[in-house]
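Analysis of the macromolecular model
The primary structure of each chain is shown beneath.
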Amino acid sequence: MKPRVAVHKFSSCDGCQLAFINAGEALLQLATLVDIVHFAEAGYADEEAVVDIAFVEGSISTPQELERIRTIRANSKTLITIGACATSGGIQALRNMHDTQQWVEGVYAQPEVIALLADSTPISERVKVDFELWGCPVNATQLFAVVRSLLSGVTPLLEQETVCQECKRAQTVCVMVSRGEPCLGPVTRGGCGALCPAVGRDCYACFGAAPQANTAALAEQFAAQGLAPEAIARRFLFINSHSEPFHSEGKKWQGEGK
Amino acid sequence: MSERREVTIKVPLLTRVEGEGALELRIREGAIAALQLRIFEPPRLFEKFLEGRGHEEVLDIVARICGICPVAYQMSASHAIESILGVQPGPWVREMRRLFYCGEWLESHALHIHLLAAPDFIGFKSAIEMAAHHPAEVKRGLRLQALGNKILRTLGGRSVHPVGVRIGGFTHAPSRESMAELLQECREALPEAAALVRWLATLELPDDEQRFVSVALHHPDEYPLNEGRLRASDGLDIGIEQFHDYFRESHVAHSTALHAHYFPGGWAEEKVGVPYLVGPLARLNLNFAQLPQAVRDNLATTGVRFPSRNMFHSVIARAVEIHFALLEAIRILENYAPSDTPAVGVTPRAGVGYGCTEAPRGILWHRYELDGAGKVVVATIIPPTSQNQARIEADLKSSLEQLGLERSDDEIRLHGEKVIRNYDPCISCATHFLRLKVERD
Ligand code: SF4
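All of these numbers come straight from a predicted model, not from anything done at the bench. (Residues numbered from 1 in each chain as written. Chains lettered and ligands numbered in written order. Predicted model: local features only at pLDDT ≥ 70, side-chain atom pairs only at ≥ 80, totals over all residues.)

To continue, consider the overall build of chain B. Scanning chain B for helices and strands turns up 13 helices and 14 strands. Of all 441 residues assigned to chain B, the portion counted as buried reaches 56%. (Helix = DSSP H or I, 4+ residues; strand = E, 2+ residues; numbered from the N terminus. Buried ≥ 20, exposed ≤ 12 C-beta atoms within 10 Å, placed from the backbone.)

Dropping the structure here:
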């Protein structure tokens, strides 16, 4: 029997599931190898189906989403988060540092109908996760590598390199050395192919922190280059603000500014 | 049968849309008593966390409102912020932005036509299912989508949340070779785009004439993408900074997206606004003459005419815009030369600025207030889908009545879904899953 696959969405921009939708013929091919049972954007709706592999995009930010992820976990043999939202809470976790209720009251005339949890959290804070794919967005290479591993019964490998190492290997001119840009490549997980330096700009860590990232040393380096403490804080408190060590590093410099 | 006093039907999910919502319908004595397109995609509150951020961070933030149209967000924000900083990036940047936007239209429109909409008109549940019976058409669509993504990658590094843009222009100028390769591919795809328009025109689309106000940008010299004045089909012609004088958003309890309405003659507290349409059909209705001759000639062979009041001509309008986007991309690529200054420098200063560009789904309006250090004080973003939401509800009401409310719940649900999908609603921008609930009494 073909493995049964679901793609679920929570609070997100839909950008990560696009790695499937934009895959073209690879998507059609995938559909012959697996049974897609739930993938709303592609036209499959069986949210509560029992599956072998569940891909989850998006963070948990409402009471309903919390209920849903628990059901999905119970129904899925392997659960894989795709992207920053699902893996670290995403850009919307920036609200975790504020009083969201007050914000909602500012935007909506009838705030009582908007039910939000106090924080936007990664899936792993709510249920057990088997693999996590970082990236905002994840790309097709990462995604299909995992699919291939799982289909052949091999445990997928996660990226251990930094963007900085990928960048050096591609022999891209270092934007920090040559132009003094506050590049986060040295502390950021690879997998993107060092895209930002390749187009001439600083990495902003959309793939999250690399294992054993020395954020303190990099932050000191930024300070030595003249970046204000508050600007250093903003560098770390961005796409992956809810995950460590970015959260603490950012908070530390935010405090310095005051 | 009409003996049914009160029936509630729940259809678990509306698929092939980008977002989370529900359709609720109550039928009483053969008439629609209540109809709501409920949108409950959790709000992600972007406008709030833009506050306090540097202007140089804005493009990376707003892109993440929508994975399908990040470029639109980046473009509206660039124009707004550059207007505050008093920057004119010049002709090279202007052309490259048009090319960039053409890439997004191609990608987004091809995705919608083939993966989301066409299965409705041909009778399949998904494009994957459809591909087994119509492989040539589906693969053509996927190729056009891939080409759009390639344009985005060439300028932006990647197609979802491109990294190659900055306030003032682009972070780099693509090489001559990569642009020559793109040109070659666009030329090869051109006949496919023309064929796509003709193919869609042969499909049996519902005939659904409606009265509505179209709103779009208009530019005297070109088909609108990044620049122009705001026009409406009733004669309105205003600068983008006057948007709030005529268009207002309000919050209705059944939606986490704000609803926008148009106030002909100007907004006033006591007035009631009207729904309006933005997007490909509205753009074509107001800008048909701006299309290249070749696009109009190809369309003329089909018998479909614009301006059109048939809402289902939206899908053809999308294909027409694919044809246009390819021709425009070819024009720009033929004249391409790399620039030494892909971006102009900017100096922070305080002020208020507006940006309004044509996202694939319609006008995307931004307003920013910056402080003297160039940080965001207040941001307001009005996406196309929240502008179309009231129009979708009005359309549902009239099309379901036209279909006949005595029809089975299944038929009503199917038609309702078709009507909603036809707008290509982006629920991440404004809304996801639609659940239909029909109550009859
Ligand atoms: S991780 Fe980024 S690209 Fe993926 S869904 Fe979240 S915001 Fe979108």
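Before going further, it helps to examine the overall build of chain A. For chain A, the helix and strand inventory stands at 12 helices and five strands. Computed over the C-alpha atoms, the radius of gyration of chain A is 19 Å, within 12% of the 18 Å expected from 2.2 N^0.38 for a compact globule of 258 residues. For chain A, the spread of C-alpha atoms along the three principal axes comes to 60 × 50 × 25 Å. Counting over 258 residues, chain A shows a buried share of 53%. Put simply, of all contacts in chain A between residues at least 6 apart along the chain, 72% involve residues at least 24 apart. (Rg over C-alpha atoms; globule rule 2.2 N^0.38 Å. Contact = placed C-beta atoms within 7 Å.)

Turning our attention to the packing of helix α9 (residues 280–287) of chain B against helix α11 (residues 314–334) of chain B. All names here are of chain B. Remark: α9 packs on α11, axes separated minimally by 8 Å, with the N-to-C direction vectors making an angle of 70 degrees. Classified by the angle their axes make, α9 and α11 are roughly perpendicular. The element α9 and its partner α11 pack so that their crossing is left-handed. Taken together, the residues of α11 that come into contact with α9 (itself represented by P280, L281 and L284) are S314, A317, R318, V320 and E321. Here the contact of α9 with α11 is built from residues that sort into five nonpolar, one polar and two charged. (Axes fitted to C-alpha atoms, helices over the stretch in contact; angles between N-to-C directions. Parallel < 35°, antiparallel > 145°, perpendicular 65-115°, else oblique. Left-handed = near helix turned anticlockwise from the far one by under 90°. Nonpolar A, V, L, I, M, F, W, Y, C, P; charged D, E, K, R; others polar.)

So, about the packing of helix α10 (residues 215–224) of chain A against helix α11 (residues 229–236) of chain A. All names here are of chain A. Packing of α10 against α11 leaves a shortest axis separation of 10 Å and a crossing angle of 140 degrees. Judged by the inter-axis angle, α10 sits oblique to α11. Here α10 and α11 pass one another in a crossing that is right-handed. Contacts between α10 and α11 involve T215, A219, F222 and A223 from the former and I232, R235 and F236 from the latter. In terms of residue class, the contact of α10 with α11 is made up of five nonpolar, one polar and one charged.

On to the domain arrangement of chain A. Residues and elements named next belong to chain A. Taken domain by domain, chain A comprises domain 1 (4–151) and domain 2 (163–256). Averaged C-alpha coordinates put domain 1 and domain 2 at centres separated by 26 Å. Taken residue by residue, the interface counts 15 residues in domain 1 and 12 residues in domain 2. With three residues, helix α4 (residues 84–88) is the single largest residue contributor to the side of domain 1 that touches domain 2. (Domains from an automatic or database assignment.)

On the secondary structure map, T341(B) appears in the loop between α11 and β11 (351–359). Taking the C-alpha atoms as reference, T341(B) lies 8.8 Å from G169(B); in sequence the two are 172 residues apart.

As a structural note, the neighbourhood of the ligand is formed by 16 residues, with G15(A), G83(A), C85(A), C136(A) and P137(A) the closest of them. Mapping the residues near the ligand onto chains gives chains A and B. By residue class, the composition of the shell around the ligand is eight nonpolar, six polar and two charged. (Near = placed C-beta within 6 Å.)

Another aspect to go through is the sheet that holds strand β5 (residues 131–133) of chain A. Residues and elements named next belong to chain A. Strand order in this open sheet of five strands is β2-β1-β3-β4-β5, and the pairing throughout is parallel. At either margin of the open sheet sits one strand with a lone partner, and together these are β2 (35–39) and β5. Strand-to-strand, the axes of this sheet are offset by a mean angle of 20 degrees, without reference to chain direction. Both strand β1 (residues 4–9) and β2 contribute to a ladder of four bridges, which runs parallel. When the sheet's bridge partners are listed, V5 is paired in β2 with I36. Lying on the sheet, helix α6 (residues 140–151) is in contact with β3 (51–57), β4 (76–82) and β5; it crosses β5 at an angle near 160 degrees. (Pairing = 2+ DSSP bridges.)

Quick look at the interface of chain A and chain B now. Counting residues at the interface gives 44 residues for chain A, matched by 49 residues for chain B. If you list the elements that add at least two residues to the side of chain A that touches chain B, you get α1 (18–21), α2 (25–33) and α9 (195–198) of chain A. The residue makeup of the side of chain A that touches chain B, split by class, is 24 nonpolar, 11 polar and nine charged.

Moving on, we get to the confidence of the model for chain B. All names here are of chain B. Per-residue pLDDT for chain B has a mean of 89; in total, 90% of the residues score no lower than 70. With pLDDT under 50 throughout, residues 1–12 is counted as low confidence; its partners more than four residues away or in other chains account for 23 contacts. Predicted confidence is poor over residues 430–436, with pLDDT under 50, and the contacts of this stretch with residues over four places away or in other chains come to 46 contacts. With a pTM of 0.94, the predicted complex shows an ipTM of 0.96. (pLDDT = per-residue confidence, 0-100.)

Turning to helix α7 (residues 176–202) of chain B, a few remarks are in order. Residues and elements named next belong to chain B. For α7, with 27 residues, the first-to-last C-alpha span of 40 Å sits near the 39 Å given by 1.5 Å per residue. The largest bend in α7 amounts to roughly 35 degrees and is located at A189, with the proline P191 lying one to four residues further along. When α7 is considered as a whole, its buried residues turn out to be M179, L182, C186, A189, A193, A194, L196, V197, W199 and L200. Residues of α7 that are buried make contact with α6 (135–156), α10 (293–300) and α11. (Expected span 1.5 Å × (residues − 1). Bend = angle between axes of the 7 residues up to and from the residue.)

This next bit is on the sheet that holds strand β8 (residues 237–238) of chain B. All names here are of chain B. Pairing within the open sheet is antiparallel, and its three strands lie in the order β6-β7-β8. Two strands in the sheet have a free side with no partner beyond their single neighbour: β6 (215–218) and β8. Note: β6 against strand β7 (residues 229–232), four bridges, orientation antiparallel. Note on β7: the bridge partner recorded for L217 is L230. On the sheet, α9 packs against β6 and β7 and is oriented at approximately 50 degrees with respect to β6.

Residue and element names in this part refer to chain A. Within the fold, I60 resides in the loop between β3 and α3 (63–75). Take I60: there are 28 C-beta atoms within 10 Å of it, and that puts it in the buried class. In this structure, the C-alpha to C-alpha distance between I60 and A26, residues 34 residues apart in sequence, is 29 Å.

Turning our eyes to something else, we now look at unusual backbone geometry. Leave glycine aside and you will find that most residues have negative phi; peptide bonds, for their part, are mostly trans. Residues and elements named next belong to chain A. With an omega dihedral of 5 degrees, the bond running from C136 to P137 counts as a cis peptide bond. Structurally, P137 is set in the loop between β5 and α6. Residue P245 is bonded to the preceding E244 through a cis peptide linkage, with omega at 0 degrees. Note that P245 resides in the loop between α11 and α12 (246–257).

On to helix α13 (residues 409–422) of chain B, then. Residue and element names in this part refer to chain B. With 14 residues, α13 extends 20 Å between its outermost C-alpha atoms, agreeing within 8% with the 20 Å of an ideal straight helix rising 1.5 Å per residue. For α13, the full list of buried residues reads I412, R413, G416, E417, V419, I420, R421 and N422. Two residues or fewer past α13, D424 is found with a positive phi of approximately 50 degrees.

Of all hydrophobic cores here, the largest spans 196 residues; its most connected members are L106(B) and V215(B). A per-element tally of this core places helix α4 (residues 90–122) of chain B first, with 16 residues. Taken domain by domain, this core gets at least three of its residues from each of domain 1 (4–151) and domain 2 (163–256) of chain A. Setting aside anything within four residues of it in sequence, one finds L106(B) in contact with L144(B), L147(B), G148(B), I151(B), I322(B), A325(B) and L326(B). Within the second largest apolar cluster, 12 residues are counted, among which are A22(B), I27(B), L396(B) and I412(B). (Core = buried A, V, L, I, M, F, W, Y, C linked by C-beta atoms within 7 Å.)

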